[in-house]
Structure formats: structure tokens, C-alpha cells
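Listed below are the residues making up each chain.
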Amino acid sequence: KAGVTQTPRYLIKTRGQQVTLSCSPISGHRSVSWYQQTPGQGLQFLFEYFSETQRNKGNFPGRFSGRQFSNSRSEMNVSTLELGDSALYLCASSLLLAGDRGDTQYFGPGTRLTVL
Amino acid sequence: GESVGLHLPTLSVQEGDNSIINCAYSNSASDYFIWYKQESGKGPQFIIDIRSNMDKRQGQRVTVLLNKTVKHLSLQIAATQPGDSAVYFCAEFTVYGGATNKLIFGTGTLLAVQP
């Protein structure tokens, strides 16, 4: 079974621009979670989608948004990019809601976003 | 955003030795804990998990110990190999009320295996 895939793997943008990242979960998985990983703050939860609905949201500003499609693929969007948005953005999929007992999140390789 | 800690601690071990990676969690109501391994250039990879009603769980070459009294979690790796070199994260499943449940990750520990 193919793992979680994320595109693109690397991205360079400038301040003020917007960006869309894509995630394809493992086949059959219905939950997709997004995380931001930086050296200073570690892994921080952005949001989770399940059956096309946002179920959980972390403490990030409204510039960060996402959506999930009927095939469970997910996109996240960051508008008005800031230098501090430079990070590795990780997507994880799970069969059920992330963190549910007995369920495991499987991570993709991430998208490395650099904001200049 | 939520996170634990700022600096990445490093554990350096000799190949063949046993490694013990520690993690302190914050929420006494957390009832599910997971260890992940992240190699350079890759996303985190699930290693092993444990529920709060257990104090020990063993996998292949790995053992997780949970001490709820002091809110401490550890990952033991037997006969550490060069391929074990990576950053290891613990994560806790935390209930915030209603349906707002999420996984909170620790800062991570860099395991460096010396040949």
C-alpha cells in the first residue's frame, strides 16, 4: 500500500505571497492532519480533517486554512506569507480520527517551505 | 501553536549499547502515548504506543515504559544500531473537552549512534 504523499517537496516563496500544499493520504484513510515543524517550536498541530470536515484546529492564525476532498486528499493554504512561516509542513493520515485509541497517524515526507 | 520545550537534547551511544530516551508529558488526563522516529529528510515514523492503563509495552528491540505518577515516558532501544540514529518524539493524546482532541508532540531527542 502506498504511503502518504505530499507535493511539492520543496517550495520557495516571498513574503506576502500565498501557497497551497497538497497531501494524498494512504488509501482508505479518512483523516488527514497537518503539522508545522520548525527547529524552535518543534511539531505543532495545525488542523485535522475527517470526511471533508475540519474536526480539530490548533492555535494558528486564520492565514492558515485547509480543506479535504471527497477522495480524502487534502490541501492546506497559507496566505500573506511571513518569514516565520518557513518550516517543514507535514501531513499525516489515519483511518479514524487522529489520536483515537488504537489508531495511528502515518506521516508523509513533508513539504519544505522557505519564505524569503 | 502548542509545543513542549525549545532545544533538542542529544543522546550519544555506542553501537550495541542500549539507549533510553525520556519524555515528560504535561496532561495527567492523557490516555494514549506514542513514540515516533524521524530520520533526516523524512516524516515521523510510528514506533510503538502505549495506553495509560499499561506501564510497559514491548516491541521489536524497543520497550516503552509509562510512569503516570511522575508523568514520565521512556523508550528503550536494545542493541542500538547506526540505523537507529534519528530524532525521537513522544506524543500524548490530550482531551480538551468536547470533540477537540489532538496529539501533542514533545520537542524530540536526537539519538546519535557512534560506531
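The structure this text deals with has already been given above.
The rules behind the values
Residues numbered from 1 in each chain as written. Chains lettered and ligands numbered in written order. Predicted model: local features only at pLDDT ≥ 70, side-chain atom pairs only at ≥ 80, totals over all residues. Heavy atoms only, no water. Helix = DSSP H or I, 4+ residues; strand = E, 2+ residues; numbered from the N terminus. Rg over C-alpha atoms; globule rule 2.2 N^0.38 Å. Buried < 20%, exposed > 50% of the residue type's maximum accessible area, 1.4 Å probe, protein only. Contact = heavy atoms within 4.5 Å. Core = buried A, V, L, I, M, F, W, Y, C linked by side-chain atoms within 4.5 Å. 1 Å grid on protein atoms, 1.4 Å probe; cavity = no way out; pocket = protein on both sides within 12 Å on 5 of 7 lines; lining within 4 Å. Points joined across faces, edges and corners; volume = space filled by probe spheres on them. Nonpolar A, V, L, I, M, F, W, Y, C, P; charged D, E, K, R; others polar. Phe/Tyr/Trp six-rings, centres within 6.5 Å; stacked < 30°, edge-to-face > 60°.

Peer 1: What is the right way to read the overall build of chain A from this model?
Peer 2: Broken down by element type, chain A carries zero helices and eleven strands. Listed N to C, the secondary structure of chain A is β-β-β-β-β-β-β-β-β-β-β in terms of helices and strands. For 116 residues, the compact-globule estimate of 2.2 N^0.38 gives 13 Å, and the C-alpha radius of gyration of chain A, at 13 Å, lies within 12% of that figure. Across its three principal axes, chain A shows a C-alpha extent of roughly 40 × 25 × 25 Å. Of all 116 residues assigned to chain A, the portion counted as buried reaches 53%. Sequence-distant contacts, at least 24 apart, represent 56% of the contacts inside chain A between residues at least 6 apart.

Peer 1: Help me understand the nonpolar core in this model?
Peer 2: One recurring pattern in soluble globular proteins: nonpolar side chains tend to sit buried together. Counting 21 residues, the largest nonpolar core has W34, L46, F64, M76 and Y89 of chain A as the members making the most contacts within it. Listed by contribution, the elements that provide at least two residues to this core are β3 (19-24), β4 (31-38), β5 (42-50), β8 (74-78), β9 (87-94) and β11 (111-115) of chain A. When sequence neighbours within four positions are dropped, the list of residues in contact with Y89 of chain A reads Q6, L21, Y35, Q36, L46, F64, M76, G110, T111 and L113 of chain A. Core analysis: the next-biggest nonpolar cluster, separate from the first, contains 19 residues, C23, I50, V64 and Y88 of chain B among them.

Peer 1: Looking at this structure, how should I read the layout of surface pockets?
Peer 2: Over the atoms, a rolled probe matching the size of one water molecule traces out where space is still vacant. Its volume calculated, the largest pocket comes out at about 460 Å³. Along the wall of the largest pocket there are 22 residues; nearest its centre are Q37, P39, L88 and R112 of chain A together with Q38 of chain B. Secondary-structure elements contributing two or more residues to the lining of the largest pocket are β4 of chain A together with β8 (86-95) of chain B. For the lining of the largest pocket, the element with the highest residue contribution is β8 of chain B, accounting for three residues. Residue composition of the lining of the largest pocket, by class: nine nonpolar, nine polar and four charged. In this structure, the second largest pocket spans a volume of roughly 190 Å³. Tallying contributions element by element places strand β4 (residues 45-51) of chain B first for the lining of the second largest pocket, with three residues. Counted by class, the lining of the second largest pocket contains five nonpolar, two polar and three charged residues.

Peer 1: I would appreciate a short explanation of empty space enclosed by the protein in the present structure.
Peer 2: All names here are of chain B. On inspection of all chains with the given rule, the structure shows two cavities of 30 Å³ or more. Here the largest cavity is characterised by a volume of approximately 50 Å³. Contributing elements (two or more residues each) for the lining of the largest cavity: β2 (19-24), β8 and β9 (101-105). Considering every element that reaches the lining of the largest cavity, the biggest residue donor is β8, with three residues. For the lining of the largest cavity, a count of residues per class yields ten nonpolar, one polar and one charged.

Peer 1: Hey, could you run me through the packing of aromatic side chains in this one?
Peer 2: Each aromatic ring pair is described using two quantities: the centre-to-centre distance and the angle formed by the ring planes. Enumeration over the complete set of coordinates arrives at ten aromatic pairs over all chains. Seen in terms of ring centroids, Y35 of chain A and F107 of chain A are 5.5 Å apart; in terms of plane orientation they differ by 45°. Their pairing is tilted. Of this pair, Y35 of chain A sits in strand β4 while F107 of chain A sits in strand β10 (residues 106-107), and the two are 72 residues apart along the sequence. On the basis of relative accessibility, which here comes to 11%, the residue F107 of chain A falls in the buried class. Here F107 of chain A and Y36 of chain B contribute two aromatic rings whose centre-to-centre distance is 5.3 Å and whose plane-to-plane angle is 90°, an arrangement assigned as edge-to-face. With one member in each of two chains, F107 of chain A in strand β10 and Y36 of chain B in strand β3 (residues 32-38) form a pair that bridges those chains. A relative accessible area of 0% places Y36 of chain B in the buried class. An aromatic cluster is built from Y35, F45 and F107 of chain A together with Y36, F46 and F105 of chain B, whose rings are joined through pairwise contacts.

Read these as spatial facts, not as claims about activity.
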